[in-house]
Amino acid sequence: MDRERDEKFMRAALSEAKKGLGQTSPNPAVGAILVVGNRIAARGHHRGAGRDHAEVECLRNFAARVPARATLYVTLEPCSTKGRTAPCTDAIVQAGVRNVVVGAIDVNPRHSGKGIVQLRNAGVRVRKGVLADECTQINEAFNKWIVTGRPFVIAKCGMSLDGRLTRPAGESHWITGHSARRHAHQLRATVDAILVGAQTVRADNPRLTVRGVPSARQPQRVVLCRSGNLPQNAYLFSDRHAPRTLIYSRKSLGAVLKNLGEREVTSVLIEGGGEVLGQALDARVIDKVQLYLGPILTAGPVIAFRGHGAKTPASALRLQRVSYEQVGQSLCITGYPEFRPSE
């Protein structure tokens, strides 16, 4: 077994899987490649719920009996039960594949570990855990939703260096630059829903659509409202995506997320305003943050996370797996909240 070789080809399979990001929900994004000798002979990725899984598309693209020396690389354990499509394990065995390399084990309780057992029982040699962390990461939203029934929650905002979402009245409302906003649209293209509070709708009249990302699927738009008093001429209620706008009146954020999960919404991007972001922080429902810091001090009136606040520094929410990326003149900070057992 050549670990370096396996990782090389699994990276190629991951590249295939990423083509499906934002397109496959409520299914995971999966990629597969078939290697004969030292050459990639066929590729495939899952394109959407109800369509062929990555393994099936890859084998169909090969369009021949698979030679015994060939190896199928797949980023996620092949499914072993019938859902919208037939089990991938059956297709693999029927195609004559004798060697399979798997990235991540499927956390779906219906499938977890069973696909590998079925393949091995059919005489297929299976190696697992190759680039497992990377293969798991691309499906972080699906992995949470399929186990808990709740969507993966990303808190995102563009903020000033002094933690404000707004500039003084009368000035341009943009805090971050064009490059950062384009970067944020790429994030929007990967989620199932974008959530804001009623005040954001009243003050900013946002579109909450994906723009500048080819072939992107438009996410649902979710509004939290206490009074039910919303401007009916707002884009969210009058544009061509209006049927995809959901309004929740007098519902807690937790109740809204539970209902969205029941609607097969696997990921939610909270974009504001400061009060809703603060509620999410206080309720500890944030799974990931993606903050864009603009090089500006505004002393604006709206604080980014206007919650109750931590009583002590020790009780503050800390991030792990933090990364920093310069996007134009802005800094994008991404991290995952670290929850202690007592929380």
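Notes on the structure in this doc start here. (Residues numbered from 1 in each chain as written. Predicted model: local features only at pLDDT ≥ 70, side-chain atom pairs only at ≥ 80, totals over all residues. Heavy atoms only, no water.)

1. So, the packing of aromatic side chains
- By the definition in use, this model includes two aromatic pairs.
- Their ring planes at 45° and their centres at 5.5 Å tell us that F9 and Y73 sit as a pair that is tilted. One end of the pair, F9, is in helix α1 (residues 3–18); the other, Y73, is in strand β3 (residues 71–76), with 64 residues separating them in the sequence. Per residue, the accessibility class of F9 equals that of Y73, and both read buried.
- Here F142 and W145 contribute two aromatic rings whose centre-to-centre distance is 6.5 Å and whose plane-to-plane angle is 50°, an arrangement assigned as tilted. Separated by three residues within a single helix, F142 and W145 lie in helix α6 (residues 140–148), roughly one turn from each other.
- Its relative accessible area of 12% is what places W145 among the buried residues. (Phe/Tyr/Trp six-rings, centres within 6.5 Å; stacked < 30°, edge-to-face > 60°. Helix = DSSP H or I, 4+ residues; strand = E, 2+ residues; numbered from the N terminus. Buried < 20%, exposed > 50% of the residue type's maximum accessible area, 1.4 Å probe, protein only.)

2. A word on the nonpolar core
- By size, the foremost hydrophobic cluster in this structure holds 38 residues, and its most contacted members are M10, L34, V66, L72, Y73, V97 and V100.
- Elements that contribute at least two residues to this core include exactly α1, β1 (31–36), α2 (54–62), β3, β4 (99–104) and α4 (114–121).
- By residue number, the principal contributor to this core is α1, which donates six residues.
- If you look at the next biggest cluster of nonpolar residues, it comprises 28 residues, including V222, A280, L291 and L293. (Core = buried A, V, L, I, M, F, W, Y, C linked by side-chain atoms within 4.5 Å.)

3. Re the sheet that holds strand β9 (residues 245–249)
- Pairing within the open sheet is mixed, and its eight strands lie in the order β9-β8-β7-β10-β6-β11-β13-β12. With one partner strand each, in any of the chains shown, β9 and β12 (318–327) form the two edges of the open sheet. For this sheet the average axis-to-axis angle between neighbouring strands, irrespective of direction, equals 20°.
- Here strand β7 (residues 193–197) runs beside strand β10 (residues 267–272); their pairing, made up of four bridges, is parallel. Bridged to V196 within β10 is G272. (Pairing = 2+ DSSP bridges. Axes fitted to C-alpha atoms, helices over the stretch in contact; angles between N-to-C directions.)

4. Focus on the pattern of salt bridges
- Taken as a whole and judged by the stated rule, the model has 15 salt bridges.
- The salt bridge partner of D6 is R127, with a shortest N-O separation of 3.0 Å. In this pair, D6 sits in helix α1 while R127 sits in strand β5 (residues 125–127), placing the two residues 121 residues apart along the sequence.
- Between E16 and K19 there is a salt bridge; the shortest N-O distance is 2.9 Å.
- Here the salt bridges do not stand alone but share partners, grouping E16, K19 and R43 into one network. (Salt bridge = Lys/Arg side-chain N within 4 Å of Asp/Glu carboxyl O.)

5. Quick notes on helix α10 (residues 253–262)
- Every buried residue of α10 is accounted for by L253, V256, L257, L260 and G261. For α10, the buried positions fall inside an angular range of 135° around the axis, keeping them on one side.
- Where α10 terminates, the next one or two residues include E264, which has phi positive at roughly 65°. (Arc of directions from axis to C-beta.)

6. What to know about the sheet that holds β4
- Read across the open sheet, the five strands follow the order β2-β1-β3-β4-β5; overall the sheet is mixed. Edge positions in the sheet fall to β2 (39–45) and β5, since each of these pairs with one other strand and no more. When strand polarity is set aside, the average angle formed by the axes of neighbouring strands in this sheet is 20°.
- Judged from the four bridges that link them, β3 and β4 form a sheet pairing that is parallel. From the neighbouring strand, V74 faces β4, where its bridge partner is V102.
- Sitting on the sheet, α2 touches β1, β2 and β3, and the angle it makes with β2 is about 135°. (Contact = heavy atoms within 4.5 Å.)

Honestly, that's just the spatial picture; any functional story needs more than this.
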